[in-house]
Amino acid sequence: MKLTTKILIGLLAGIIIGLMLGGSPEIARTYIAPFGTLFLNLIRMIIVPLVFSSLIVGAASMGDVKKLGRIGGKTVAFYLGTTAVAVFLGLLLANIVNPGAGLSIPTNVTVEAAQTPLLTDTLLGMIPSNPLNALVQGNMLQIIVFALFLGIGITTIGEKGKPFLSFFDSLAEIMYKFTAIVMSFAPIGVFALIVPVVAVNGPSVLIPLAKVILTVYIGCILHMAIVYSSLVKGFAKMNPISFFKGIAPAASVAFSTSSSAGTLPVTIKAARENLGVPRGICSFVLPLGATINMDGTALYQGVCALFVAQALGLSLTIGQQLTIVLTATLASIGTAGVPGAGFIMLTMVLTSVGLPLEGSALIAGIDRVLDMARTTVNVVGDAAVAVAVSATEGELNIGLTELVHKMEEEDNE
Ligand code: ASP
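In a regular helix each residue adds 1.5 Å, so 18 residues correspond to 26 Å; helix α1 (residues 3-20) covers 25 Å between its end C-alpha atoms and thus fits that length. The complete set of buried residues in α1 reads Ile7, Gly10, Leu11, Gly14 and Gly18. Each buried residue of α1 sits inside an arc of 95° when the element is viewed along its axis, so together they form one side. Opposite the packed face of α1, turned more than 90 degrees from it, sit the exposed residues Leu12 and Met20.

Encoded structure:
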């Protein structure tokens, strides 16, 4: 049986057992959750050394700064473009479905606004004044910048850079191998991560707000089906089904961990092996995506902002809705790829159009379930952009999944 199939079975079994344990979530927390944490920690162990070493090698292999700049520019443009479309789609759906109609907001809660990072702070903060500190703290943007500098440095000094490069090349391969080993436990890991989430967020919590959940889930599915399919088809002539099959292992880990940063090693592995994205582009585009590209989060913020307005009986003007598109797109850059980060940034989006923060209290109870969907979209979106960028550079190889797909098609003929 293929690993992807096993992971999906783990996920499904986890949902079923979670529902069965709904009455006694302590059992799930005490006996099952630790295996999930173990799996997650194993992946986390890989992140910093993998990203750091493979990006050094990637940057060095690109050879020149111009190419790096070009790829960087394209990547950011794709990321921002797809994110703006996602918020737009979220708003559109919420206008149609009207999920907040007929609900009232509890007035006795107080919520604090998020400390919103200024864009200039984010940009300035990208340069690590102490690179070792960045590595220790796992500050992804700073690690990316430092690794890029090292990679460029290696190419400019020529012969003397070789030993350094081969050390990191070797480290990158070791970490990559680790990912494969850890992923063989993914079916159990995913199972153990999902059981407690389902046991705690049982149907009784979800049903009253089923309309918002449904709107977010439908939005996520549509965004992937329309935007990512067109991206991989349009730029890379890749069959969207091969794409979704290829990224499925990362998508299921994202769904069960609600962390795109935590899923990163799996995303890199899937993009490189199944989708044929070359190592150099993977190592740059995907860590950047896990940090700044959050289409699912942006879509969710669009839906939730409108939901809060509807629940309060307020209507938002087109101008206000455009403000949401802008703020949610920018907010997604500053959102960390960890569970619940998007909810904190939602307060910023609400503030931008003058909606009371208490509205987000309605969302708080169901946020984890929304987080699973939006994180999946975030991760799949990173991979779709990696495919598109590689194709525009003429560097996309044929990935395993597409190869299998093509062979099956030929067999059928
Ligand atoms: N959990 C999401 C992620 O890791 C971020 C969010 O909360 O929206 O991508």
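Another point: the side chain of Thr376. Here Thr376 is to be found in helix α18 (residues 367-392). Setting aside anything within four residues of it in sequence, one finds Thr376 in contact with Ala251, Ala254 and Phe255.

With 124 residues, the main nonpolar core has Phe243, Leu275 and Val285 as its most contacted residues. Ranked by the residues each element gives to this core, the list is headed by α18, at 15 residues. Counting residues in each nonpolar core, the second largest holds six residues, with Leu21, Ala192, Val195 and Ala199 among its members.

Turning our eyes to something else, we now look at the environment of Ala254. Along the chain, Ala254 turns up in helix α11 (residues 240-257). Dropping the residues within four chain positions of it, Ala254 is found in contact with Ser259, Thr263, Met372, Thr375, Thr376 and Val379.

Quick look at the site of the ligand now. Close to the ligand lie 16 residues; Ser260, Thr297, Gly342, Asp371 and Arg374 are nearest. The backbone of Ser258 places a nitrogen or oxygen atom 3.0 Å from a nitrogen atom of the ligand. For the ligand, whose accessible area on its own is 270 Å², the fraction buried by protein is 100%. Looking at the shell around the ligand, the elements with two or more residues in it are α16 (341-352) and α18. In terms of residue count, the dominant contributor to the shell around the ligand is α18 (four residues).

All right, on to the packing of α1 against helix α8 (residues 186-200) then. How two helices pack is summed up by the angle between their axes together with the distance between the axes. The interhelical angle for the contact between α1 and α8, taken along N-to-C directions, is 25°, at an axis separation of 7 Å. As far as their axial angle goes, α8 and α1 are roughly parallel. The hand of the α1/α8 crossing is right-handed. In contact with Leu3, Lys6, Ile7, Gly10, Leu11, Ala13, Gly14, Ile15, Ile17, Gly18 and Leu19 of α1, α8 contributes Ala186, Pro187, Val190, Phe191, Ile194, Val195, Val198 and Ala199.

Among the structural elements, Gln310 can be located in helix α14 (residues 295-311). A polar side-chain atom of Gln310 sits 3.0 Å from the main-chain carbonyl oxygen of Ala94. The residues touching Gln310, leaving out its near neighbours within four places in the chain, are Ala94, Asn95, Asn98, Pro99, Gly100 and Ala101.

Before going further, it helps to spend a moment on the environment of Asp64. In this fold, Asp64 is placed in the loop between α2 (25-62) and α3 (65-97). Expressed as a C-alpha distance, the spacing of Asp64 and Thr155, which sit 91 residues apart in the sequence, is 7.8 Å.

Moving on, we come to the packing of aromatic side chains. Two descriptors summarise a pair of aromatic rings, namely the distance from one centre to the other and the angle between the planes of the rings. On inspection of all chains with the given rule, the structure shows six aromatic pairs. On the numbers, 5.1 Å between centres and 90° between planes, the contact of Phe78 with Phe235 is edge-to-face. Of the two residues, Phe78 is situated in helix α3 and Phe235 in helix α10 (residues 210-236); the sequence distance between them amounts to 157 residues. Overall, Phe235 belongs to the partly exposed group, its relative accessible area being 41%. Measuring from centroid to centroid gives 5.2 Å for Phe243 and Phe244, while their planes differ by 70°, and the two rings are edge-to-face. In this structure an aromatic cluster arises from ring pairing among Phe52, Phe146, Phe164, Phe167 and Phe168. For the cation-ring pair, Arg272 lies above Tyr176, with the distance from its terminal atom to the ring centre recorded as 3.8 Å. When the ring centre of Tyr300 is taken as origin, the NZ or CZ atom of Arg374, which lies over that ring, is 4.0 Å away.

So, how was this worked out
- Positions within a chain are numbered from 1, following the residues in the order the chain's sequence is written.
- Reporting in this predicted model follows two pLDDT cut-offs: at least 70 for local features of residues, and 80 or more for side-chain atom pairs to be given and counted; totals over whole chains, interfaces and linings ignore these cut-offs and use all residues.
- The basis for every side-chain value is the complete set of heavy atoms in the structure, and neither hydrogens nor water enter the calculation.
- Runs of H or I in DSSP of at least four residues are treated as helices and runs of E of at least two as strands, each being numbered from the N terminus.
- Expected helix span is given by 1.5 Å per residue-to-residue step, counting one fewer step than there are residues.
- Each residue is assigned to one of three classes by its accessible area relative to the maximum for its type, calculated with a 1.4 Å probe on protein chains only: buried under 20%, partly exposed between the two thresholds, exposed over 50%.
- In this context, the arc is that of the directions from the helix axis out to the C-beta atoms.
- The contact criterion used throughout is that any non-hydrogen atoms of two residues lie within 4.5 Å.
- For this analysis, a nonpolar core means a set of buried residues of the types Ala, Val, Leu, Ile, Met, Phe, Trp, Tyr and Cys, connected via side-chain atoms within 4.5 Å.
- Any residue with a heavy atom positioned within 4 Å of a molecule or strand is treated as near that molecule or strand.
- Two N or O atoms form a polar contact when they lie within 3.5 Å of each other; inside protein one atom must be a possible hydrogen donor and the other a possible acceptor, and for residues adjacent in sequence the pair counts only when both atoms belong to side chains.
- Accessible surface is estimated by sampling points in the Shrake-Rupley manner with a 1.4 Å probe; for residues, cover comes only from the protein chains shown.
- Lines fitted to C-alpha atoms define the axes here, with helix axes fitted over just the stretch in contact, and angles between the N-to-C directions of these axes take values from 0 to 180 degrees.
- Any angle from 65 to 115 degrees is called roughly perpendicular, while one under 35 is roughly parallel, one over 145 is roughly antiparallel, and all others are oblique.
- Working rule for handedness: look at the near helix, and if it is turned counterclockwise from the far one by less than a right angle, call the crossing left-handed; if clockwise, right-handed.
- Centres within 6.5 Å are what make two rings of Phe, Tyr or Trp a pair, Trp counting through its six-membered ring; a difference in plane orientation under 30 degrees is then read as stacked, over 60 as edge-to-face, and the rest as tilted.
- Remark: a charge is flagged as sitting over a ring if the NZ atom of Lys or the CZ atom of Arg is within 6 Å of the ring centre and within 35 degrees of the ring normal.

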